[in-house]
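Examining the three-dimensional arrangement
Chain by chain, the residues run as shown.
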Amino acid sequence: MTEILDRNIKDLIAEHPGVGELLENEGIACVSCQAGTCRTRDIIEVHGLSAQRERAVLARIAALVDPGRKVEIPMLPRASPALPGAPLSPPLRMLVDEHAQIKRWLALVAPIAAALRRGEAGAVEAARSGVEFLRGYADSFHHAKEEDTLFPCFDPGLEIVRSMRAEHETARGRVREVVAALEQGDGERAAAGLEAHRDLLSEHIRKEDEILFPWMDRTLGTSAVGRLYGSFVSIESGAAGRPAELCASIAALSLANGPPFAIMQAAEGARGWPL
Amino acid sequence: MSAQGCPGSRAMQFEAEEMRLRRRAGAATAESPTGAVPSQLRQWPVQLHLVPPTAPYFKGADVLLTADCVAYALGGFHGQHLKGKALAIACPKLDQGQEVYVEKVRAWIDEAEINTLTVMTMQVPCCGGLLAMAQRAAELATRKVPMKSLVVSIQGEIIREEWIGA
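Residues numbered from 1 in each chain as written. Chains lettered and ligands numbered in written order. Predicted model: local features only at pLDDT ≥ 70, side-chain atom pairs only at ≥ 80, totals over all residues. Heavy atoms only, no water.

1. What about the pattern of salt bridges?
- Inspection of the entire model under this criterion finds 25 salt bridges over all chains.
- As a salt-bridge pair, R172 of chain A and D139 of chain A come within 2.9 Å of each other at their nearest N and O atoms. On the criterion of sequence distance, the pair formed by R172 of chain A in helix α8 (residues 159-183) and D139 of chain A in helix α7 (residues 123-150) is long-range, its members being 33 residues apart.
- Of the charged contacts in the structure, one is a salt bridge between K148 of chain B and E161 of chain B, with a shortest N-O distance of 2.9 Å. Residue K148 of chain B is located in strand β4 (residues 147-152), and its partner E161 of chain B is located in strand β5 (residues 158-163); the two are separated by 13 residues in the primary sequence.
- What makes E161 of chain B partly exposed here is its relative accessible area of 34%.
- Residues joined by salt bridges that share partners form a network here, namely D139, E147, E169 and R172 of chain A. (Salt bridge = Lys/Arg side-chain N within 4 Å of Asp/Glu carboxyl O. Helix = DSSP H or I, 4+ residues; strand = E, 2+ residues; numbered from the N terminus. Buried < 20%, exposed > 50% of the residue type's maximum accessible area, 1.4 Å probe, protein only.)

Encoded structure:
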């Protein structure tokens, strides 16, 4: 069992596709994860499964990997018991609130991409405003808090942290592609770039909100939470209102562009894009 | 008020948690050995009326504000909760002159610039006033600090633990 626990989950899924299906049914989306370099034991811990559910999942994985062999299922050590629905600590709550701001931009991507493809007036300006928001708020402000302050609270070698950093880098690359496409006047490429960035960030935010941050909260001690909060407050003081300006620019986007954008946004919202 | 009176002062008797757990596990009823447990207290005084809010041990500290009965109910209080923290104790039901408490807690937050505030109370209703007092002080303070609430059962279990904002 130790060998299974220490295996890279993507390798395990490649050899035993049933493991991926099992995890999907448990709400653990390793199959579709961009990085997927986590060990099996880290995934079980990070998703905060109850002890009973953890043993059931491990037993089924063992049965898939080594059918017919009786395997002893260990009790994995836990940072603290999972408290379903427990509110996040104040600093992690701040990050989740910032995600809500970022999701407001993500909800605008579909109508803006459509307008770029049709070559509509104002579409390029709207896309540039979005890029400015992504660079100034999502990256320089929000991701910087995570990378420079939150992630260093944990083992840098931890696969889940490395995976999140890697996704930040991928997101930056996609923004650069959008900027290049806009400069070259290639509306189709810019639209595709915005959509690829949206898809990446939507899933990234979901993983952080639902899995990573609750696990981090269970792991951080009280004193670390206090220091983290103090650091975030200092960062916000230093930002001197710029984050709020950028958020206001996104709020103004849907209003400034009139009915077409409003109608498309409502339509896309009905299709379930993050709002 | 029910015919049985306030739960905070109703007389009750129950077996020790250790005996209850051993009985459930079917273990022998002989008591486990006990030994000296090192104290984690690093200051004096501890009663909220007596502690100076700007004492050095509060400066930048993680502060634990507990109801008087908590340390008696929780077997692992020193090692699991007090360790590394500055302490003050109070009884929201029986202490007199509690009007100064709000100002003391506010001074912790603003002048002592504490790192966090953890409030531990018992599950009985009369204990709720301690958390309410701390929250009033936090509203009056200009700084914000993360605040946590833990509620302890009379059998010595943590029955609720949550961050209640900053």
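2. Some details on the packing of aromatic side chains
- Applying the stated criterion across every chain, the model contains five aromatic pairs over all chains.
- Between F133 of chain A and Y137 of chain A the ring centres are 5.1 Å apart and the planes differ by 15°, which places this aromatic pair in the stacked class. Here F133 of chain A pairs with Y137 of chain A, and both are found in helix α7, just four residues apart, close to one helical turn.
- Look at Y57 of chain B and F58 of chain B: their rings are 4.9 Å apart centre to centre, the planes differ by 55°, and that puts the pair in the tilted class.
- For F58 of chain B, a relative accessible area of 0% puts it in the buried group.
- Among the aromatic side chains, those forming a connected cluster through ring pairs are F133, Y137 and F141 of chain A.
- The ring of F232 of chain A carries the charged tip of K145 of chain A above its face, separated from the ring centre by 5.2 Å. (Phe/Tyr/Trp six-rings, centres within 6.5 Å; stacked < 30°, edge-to-face > 60°. Lys NZ or Arg CZ within 6 Å of the ring centre and 35° of its normal.)

3. Comments concerning the layout of surface pockets
Residues and elements named next belong to chain B.
- By volume, the second largest pocket is sized at about 340 Å³.
- In terms of lining, the second largest pocket is formed by 20 residues, of which the most central are G8, C69, M122, V124 and C126.
- Along the lines of polarity and charge, the residues of the lining of the second largest pocket split into 15 nonpolar, two polar and three charged. (1 Å grid on protein atoms, 1.4 Å probe; cavity = no way out; pocket = protein on both sides within 12 Å on 5 of 7 lines; lining within 4 Å. Points joined across faces, edges and corners; volume = space filled by probe spheres on them. Nonpolar A, V, L, I, M, F, W, Y, C, P; charged D, E, K, R; others polar.)

4. Side note on the confidence of the model for chain B
- Per-residue pLDDT for chain B averages 88, and the proportion of residues at 70 or more is 84%.
- Here the predicted complex carries an ipTM of 0.84, next to a pTM of 0.80. (pLDDT = per-residue confidence, 0-100.)

5. So, α8 of chain A
- Here α8 of chain A contains 25 residues, and its C-alpha end-to-end distance of 36 Å stays within 8% of the 36 Å for a straight helix at 1.5 Å per residue.
- Immediately downstream of α8 of chain A, the backbone of G185 of chain A shows phi near 70°, a positive value. (Expected span 1.5 Å × (residues − 1).)

6. Observations concerning empty space enclosed by the protein
Residues and elements named next belong to chain B.
- Summed over the entire model, instances satisfying the criterion amount to two cavities of 30 Å³ or more.
- Size it by volume and the second largest cavity reaches roughly 30 Å³.
- For the second largest cavity, the full set of lining residues is I109, A138, R143, K144, V145, M147, G165 and A166.
- Taken together, the residues of the lining of the second largest cavity sort by class into five nonpolar, one polar and two charged.

7. Observations regarding the pairing of β5 of chain B
Residue and element names in this part refer to chain B.
- Relative to β5, β4 runs antiparallel, the two sharing five bridges. Looking at β5, one finds that K148 is bridged to W163.
- Linkage of β4 to β5, two consecutive antiparallel strands, is achieved through a turn of five residues, within which G156 is found at a positive phi near 85°. (Pairing = 2+ DSSP bridges.)

8. Side note on the interface of chain B and chain A
- Tallying the contact residues gives 13 residues for chain B and 12 residues for chain A.
- The junction of chain B with chain A conceals about 930 Å² of combined surface from both sides, 65% of it contributed by carbon and sulfur atoms.
- When the area that chain B buries against chain A is broken down by residue, the three leading residues are N115, P146 and W163 of chain B, summing to 53%.
- Taken together, chain B and chain A are joined by three residue pairs in polar contact (both at pLDDT 80 or more).
- Looking at the side of chain B that touches chain A, the elements with two or more residues in it are β3 (116-122) and β5 of chain B.
- With three residues, the top contributor of residues to the side of chain B that touches chain A is β5 of chain B.
- Of the residues assigned to the side of chain B that touches chain A, the class counts are four nonpolar, four polar and five charged. (Contact = heavy atoms within 4.5 Å. Buried area = accessible area lost by both parts, 1.4 Å probe. Polar contact = N/O pair within 3.5 Å; in protein donor to acceptor, adjacent residues only side chain to side chain.)

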